[in-house]
Amino acid sequence: MVEGLGVGIGWRPEIDLTVERLDVDFVEVVAENLHADRLPESVRVLRGRGVPVLPHAVSLSLGGADPVDAHRVAHLGALAEALDAPFVSDHVCFVRAGGLDSGHLMPVPRTREALDVLVANVKAARADLPVPLALENVAALLEWPDAELSEGRFLAELVERTDCLLLVDVANLYANARNLGTDVGRFLDEIPLERLAYVHVAGGREHQGVYHDTHAHAVLPEVLDVLRQLKERVDPPGVLLERDDDYPSDAELAGELAAIRAVLA
Amino acid sequence: MTRPQRERLAARQAELLRALLGDGAPPPGFDPERLRVEARVLLNKRRGIVAMLRPDVADALGEKFRPLFDTYARAHPRQAGSRYREDAAAFAEWAVAQGELAPPRKRRWWRRAT
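### Concerning the overall build of chain A
Move 1: Scanning chain A for helices and strands turns up 9 helices and 12 strands.
Move 2: Taken over the C-alpha atoms alone, chain A extends approximately 45 × 40 × 35 Å along its principal axes.
Move 3: When the 265 residues of chain A are sorted by exposure, 49% land in the buried category.
Move 4: Put simply, of all contacts in chain A between residues at least 6 apart along the chain, 78% involve residues at least 24 apart.

What follows is the structure, encoded as structure tokens:
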């Protein structure tokens, strides 16, 4: 369903020239950091070369109890049009609640009730977006006490009921396997991989027995192994490396992209 | 159609965020140790962003930046709709009010003294 994107990297202002130099097939931008009327020069250069630029949102709070903020959806949609993007994405999470902002992607309870709210929010967002929406699994450090569905079933029902695409983050999946005991094989078997838009890969590290999905450390071989397990089931249309802090040399990033390509070969 | 579900979900999510970001009691059923880890992660992220936005404030406070920010943050969970720049400015004002940070100088180096 989704055309081949190849291997990409998250575009960030701190590494804009690096991204231009690296051999990547597509990039992703954090939607909240860009404005459709004032695209950074580097992003325009990449678009000029025909590199797909996918807006990735972090603030819709689709899993929140409040209805989705129409301004945030409009911003994402305008960016998709300015970039001529084939689709946009955000996470299966909530960000705000009770008048507070967590500043982070918080997991939602995997209950039927929370799923109903999520479905309603996603449908509302989709109705106002000019392109399809892909939904991403998040890394969680804590588990809500009363899960009624497995992570895979929850995500599968969500994308099927809302007719959305999937953005599978294999680093988040690895993190949840490590921290919450999520069964990687079962998760990959339960989600409708024919809806897969692309895949995220990122680095992290263990601290005091907990794995942290930092996006500031090297990608672990174990995370690439989850990518391998996914690839045994389906050829992912695209795989994108996310790095958000402690940026390494161009050579190191190129090495991580090469390691991803090797898994896909 | 989803109103009762929304209200129950709102209450649960708000309870969790109050516990993680402010002084709320730990919600029942959660692993208390993981709540502490999550709260620490959220605080580190927030402090890191403020340090990036206001390196002048972080530098001026030196080793006191971290404990002071953590005290400020617990007492002032970030409000939905606020920006990190506002958070950083509010922290700087708070630190001045606490007597920990010198008030900003009115005179700028590029202005001629009159």
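### Digging into the overall build of chain B
Move 1: Helix and strand content of chain B: 5 helices and 0 strands.
Move 2: Counted from the first residue to the last, chain B has its helices and strands arranged as α-α-α-α-α.
Move 3: Considering chain B as a whole, with its 114 residues, one finds that 25% of them fall into the buried category.

### Quick notes on the packing of helix α4 (residues 112-127) of chain A against helix α1 (residues 3-21) of chain B
Move 1: For the pair α4 of chain A and α1 of chain B, interaxial distance at closest approach is 9 Å and the crossing angle is 110°. With respect to α1 of chain B, the element α4 of chain A is oriented roughly perpendicular. Contacts from Glu113, Ala114, Asp116 and Val117 of chain A of α4 of chain A reach α1 of chain B at Gln5, Arg6, Arg8 and Leu9 of chain B.
Move 2: Class assignment of the residues belonging to the contact of α4 of chain A with α1 of chain B gives a composition of 3 nonpolar, 1 polar and 4 charged.

### Some thoughts on α1 of chain B
Move 1: Under the 1.5 Å per step criterion, the end-to-end length of α1 of chain B is 26 Å for 19 residues, consistent within 8% with the ideal 27 Å.
Move 2: On the buried face of α1 of chain B, the contacting elements are β5 (94-97), β6 (100-106) and α4 of chain A together with α2 (32-53) of chain B.

### With respect to the interface of chain A and chain B
Move 1: Each partner contributes to the interface: chain A provides 23 residues, whereas chain B provides 29 residues.
Move 2: Those elements that place two or more of their residues in the side of chain A that touches chain B are β5, β6 and α4 of chain A.
Move 3: Its residues assigned to classes, the side of chain A that touches chain B comprises 12 nonpolar, 6 polar and 5 charged.

### With respect to unusual backbone geometry
Residue and element names in this part refer to chain A.
Move 1: Even without being glycine, Ser61 reaches a positive phi, approximately 55°.
Move 2: Here Ser61 falls in the buried class, since 27 other C-beta atoms lie within 10 Å of it.
Move 3: A positive phi angle, close to 55°, is found at Asp163, a residue other than glycine.
Move 4: By the element assignment, Asp163 lies in the loop between α5 (151-162) and β8 (165-169).

### Some thoughts on the nonpolar core
Move 1: With 93 residues, the main nonpolar core has Leu166, Val170 and Val201 of chain A as its most contacted residues.
Move 2: Ignoring sequence-local partners within four residues, the contact set of Leu166 of chain A consists of Ala134, Leu135, Val159, Ile191, Arg195, Leu196 and Ala197 of chain A.

### Observations concerning the packing of helix α6 (residues 170-180) of chain A against helix α8 (residues 221-231) of chain A
Residue and element names in this part refer to chain A.
Move 1: With their axes 9 Å apart at the nearest point, α6 and α8 run at an angle of 110° to one another. Considered as vectors, α6 and α8 are oriented roughly perpendicular to each other. For the pair α6 and α8, the crossing hand works out as right-handed. Between α6, through Val170, Ala171, Leu173 and Tyr174, and α8, the contact on the second element is made entirely by Glu222, Val223, Val226, Leu227 and Leu230.
Move 2: When its residues are assigned to classes, the contact of α6 with α8 shows 8 nonpolar, no polar and 1 charged.

### Details of the confidence of the model for chain B
Move 1: Across chain B, pLDDT averages 92, with 91% of residues at or above 70.
Move 2: This prediction of the complex comes with two scores: 0.94 for pTM and 0.93 for ipTM.

### Here's the deal with the pairing of β5 of chain A
Residues and elements named next belong to chain A.
Move 1: Pairing analysis gives 3 bridges linking β5 to β6, with the strands arranged antiparallel. Bridge pairing links Phe94 to Met106 in β6.
Move 2: Hairpin remark: β5 followed by β6, antiparallel, with 2 residues in the connecting loop; positive phi at Gly98, about 60°.

### Comments concerning the environment of Cys164 of chain A
All names here are of chain A.
Move 1: By secondary structure assignment, the location of Cys164 is in the loop between α5 and β8.
Move 2: Remark: the alpha-carbon pair of Cys164 and Ala134, spanning 30 residues in sequence, is separated by 5.7 Å.
Move 3: Contact partners of Cys164, with chain neighbours within four places excluded, come to Val122, Arg126, Pro132, Leu133, Ala134, Leu135 and Val159.

### A look at the environment of Tyr211 of chain A
All names here are of chain A.
Move 1: With respect to the secondary-structure elements, Tyr211 resides in strand β11 (residues 210-212).
Move 2: Judged by the 21 C-beta atoms lying within 10 Å of it, Tyr211 falls in the buried class.
Move 3: Placed 37 residues apart in sequence, Tyr211 and Tyr174 show a C-alpha to C-alpha distance of 8.9 Å.
Move 4: Not counting residues within four places of it along the chain, the set of residues in contact with Tyr211 comprises Ala175, Arg178, Asn179, Gly204 and Glu206.

### What to know about the environment of Asp189 of chain A
All names here are of chain A.
Move 1: Residue position: Asp189 is located in helix α7 (residues 184-190).
Move 2: Classification of Asp189 as exposed rests on a count of 12 C-beta atoms within 10 Å.
Move 3: Residues Asp189 and Gly238, spaced 49 residues apart in sequence, show a C-alpha to C-alpha distance of 19 Å.

Rules behind the numbers
- Residues numbered from 1 in each chain as written.
- Chains lettered and ligands numbered in written order.
- Predicted model: local features only at pLDDT ≥ 70, side-chain atom pairs only at ≥ 80, totals over all residues.
- Helix = DSSP H or I, 4+ residues; strand = E, 2+ residues; numbered from the N terminus.
- Buried ≥ 20, exposed ≤ 12 C-beta atoms within 10 Å, placed from the backbone.
- Contact = placed C-beta atoms within 7 Å.
- Axes fitted to C-alpha atoms, helices over the stretch in contact; angles between N-to-C directions.
- Parallel < 35°, antiparallel > 145°, perpendicular 65-115°, else oblique.
- Nonpolar A, V, L, I, M, F, W, Y, C, P; charged D, E, K, R; others polar.
- Expected span 1.5 Å × (residues − 1).
- Core = buried A, V, L, I, M, F, W, Y, C linked by C-beta atoms within 7 Å.
- Left-handed = near helix turned anticlockwise from the far one by under 90°.
- pLDDT = per-residue confidence, 0-100.
- Pairing = 2+ DSSP bridges.

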